[in-house]
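# Descriptive analysis of the structure
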Amino acid sequence: MIEVRNLKKYFPVQKSAIESLLSKEKKWIRAVDGITFSMEKGEVLSLIGESGCGKTTTGRLIAGLETPTDGEILFEGKNVLKLRRKELKKVRRKIQMIFQDPYASLNPRMKVGKHLIDPLLIHNICEEDEAKETAMKILDRVGLPGEEFFGRYPHQLSGGQRQRVVIARAMILKPDFVVADEPVSMIDVSLRAAILELLMEFRRDYNLSMLFITHDISVGKIVSDRISVMYLGKIVETGDMEKVIESPKHPYTAALLSSVPSFERKIEKIDIKGDVANPMEMPSGCRFHPRCPFAKEKCEKEEPELIGGKHGFACHYPLG
Ligand SMILES: Nc1ncnc2c1ncn2[C@@H]1O[C@H](COP(=O)(O)OP(=O)(O)O)[C@@H](O)[C@H]1O
Ligand SMILES: [Mg+2]
């Protein structure tokens, strides 16, 4: 369904005038630094990691909102970066993104209805009358009765209601693949379960594949079949959700798991030192080594590859 190969995104660092005079050398933030994974039809993969590790950038690359520095994205076997405009438009319709911030995702001057009708018209799916009918239906479907909500403005909605509109807008195009970027992290805790349930209903009904981005492994566990754990632009561990939770191989995964209260019984507490390194000054060798309680000399020198197949990990000294 979707295959990502050695995907990279480097952002240039803005320098002050004086810094530019002192050094001509360009600096880069390696937001996504060579990730490879694939997903099947109907599968949900959680991408998990701390803030700043490159999750959103990965999602935006797949949704076509950023251009990769390097690497390939194959959708249904075709390299999307090499498609002609017409084919690309078709693919763009099939891949939709749900953003983290329901306040920033909607145009404050546009009524709810127009947010839903526009994608149908832009992609020439139907005429305006039919578009309106479809919009009303999907509003009912996401729990916002069309009669009541079609003509409202975003500021007349709560955060949870806005996120339902955002979900409706993504789903109205009947996508095959959805990138959901922390879809509940800005939603009131009491409303999160219902929003996740709604996403899972669409998943079932449309047999959707979903890349579910979250910093919260306990949310990831509810919705996904597999997880990939990211650290500073790289995938450090990947595998079936249950397997990885039961026996994490990478110390970083284990540390993330041991910080979740409900998992604590199973996993020995692992404390990692300090904060995530600055992605402009990537550590040598294994980029996790400065924080790793088990780091040895090799970890400072050699970058570990992702090995191990179905349950993959990038660590010289994996946990038992
Ligand atoms: N448009 C951008 N320009 C420059 N740096 C960026 C941009 N977007 C993200 N970054 C940087 O890339 C890194 C990864 O960011 P992001 O993908 O948002 O991580 P996450 O979603 O995991 O928090 C961060 O260091 C962030 O500051
Ligand atoms: Mg993010």
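Residues numbered from 1 in each chain as written. Chains lettered and ligands numbered in written order. Predicted model: local features only at pLDDT ≥ 70, side-chain atom pairs only at ≥ 80, totals over all residues. Heavy atoms only, no water.

## Focus on the sheet that holds strand β5 (residues 78–79)
- Taken in spatial order, the four strands of this open sheet run β2-β1-β4-β5, and their pairing is antiparallel. Every other strand in the sheet has two partners, leaving β2 (28–39) and β5 as the edge strands with one partner each.
- Examined bridge by bridge, strand β1 (residues 2–12) and strand β4 (residues 70–75) share five bridges and lie antiparallel to one another. Within β4, the residue paired with V4 across the bridge is I73. (Pairing = 2+ DSSP bridges. Helix = DSSP H or I, 4+ residues; strand = E, 2+ residues; numbered from the N terminus.)

## Considerations on the domain arrangement of the chain
- In terms of domain boundaries, the chain breaks down into domain 1 (2–224) and domain 2 (248–320).
- Once you take the C-alpha centre of each, domain 1 and domain 2 turn out to be 28 Å apart.
- On the side of domain 2, twelve residues touch domain 1, which itself brings twelve residues to the contact.
- For the pair domain 1 and domain 2, the summed buried surface comes to about 1100 Å²; carbon and sulfur atoms form 65% of the total.
- Connecting domain 1 to domain 2 are three salt bridges.
- A salt bridge links R291 to E50, with the nearest nitrogen and oxygen atoms 3.2 Å apart.
- Joining domain 1 to domain 2, the criterion identifies four residue pairs in polar contact (both at pLDDT 80 or more).
- Taken together, the elements giving at least two residues each to the side of domain 1 that touches domain 2 come down to β2 and α9 (217–223).
- No other element matches β2, which puts four residues into the side of domain 1 that touches domain 2.
- Across the side of domain 1 that touches domain 2, the residue classes tally to five nonpolar, two polar and five charged. (Domains from an automatic or database assignment. Contact = heavy atoms within 4.5 Å. Buried area = accessible area lost by both parts, 1.4 Å probe. Salt bridge = Lys/Arg side-chain N within 4 Å of Asp/Glu carboxyl O. Polar contact = N/O pair within 3.5 Å; in protein donor to acceptor, adjacent residues only side chain to side chain. Nonpolar A, V, L, I, M, F, W, Y, C, P; charged D, E, K, R; others polar.)

## Some thoughts on the nonpolar core
- Core analysis: the biggest nonpolar cluster contains 42 residues, and I98, M171, F202, M210 and F212 have the highest contact counts within it.
- Put simply, the parts of the chain that give this core at least two residues each are α4 (112–122), α5 (128–141), α7 (159–171), β7 (177–181), α8 (189–206), β8 (209–214) and α9.
- Among residues more than four places away in sequence, those in contact with M171 are I98, I138, V178, L199, F202, Y206 and L208. (Core = buried A, V, L, I, M, F, W, Y, C linked by side-chain atoms within 4.5 Å. Buried < 20%, exposed > 50% of the residue type's maximum accessible area, 1.4 Å probe, protein only.)

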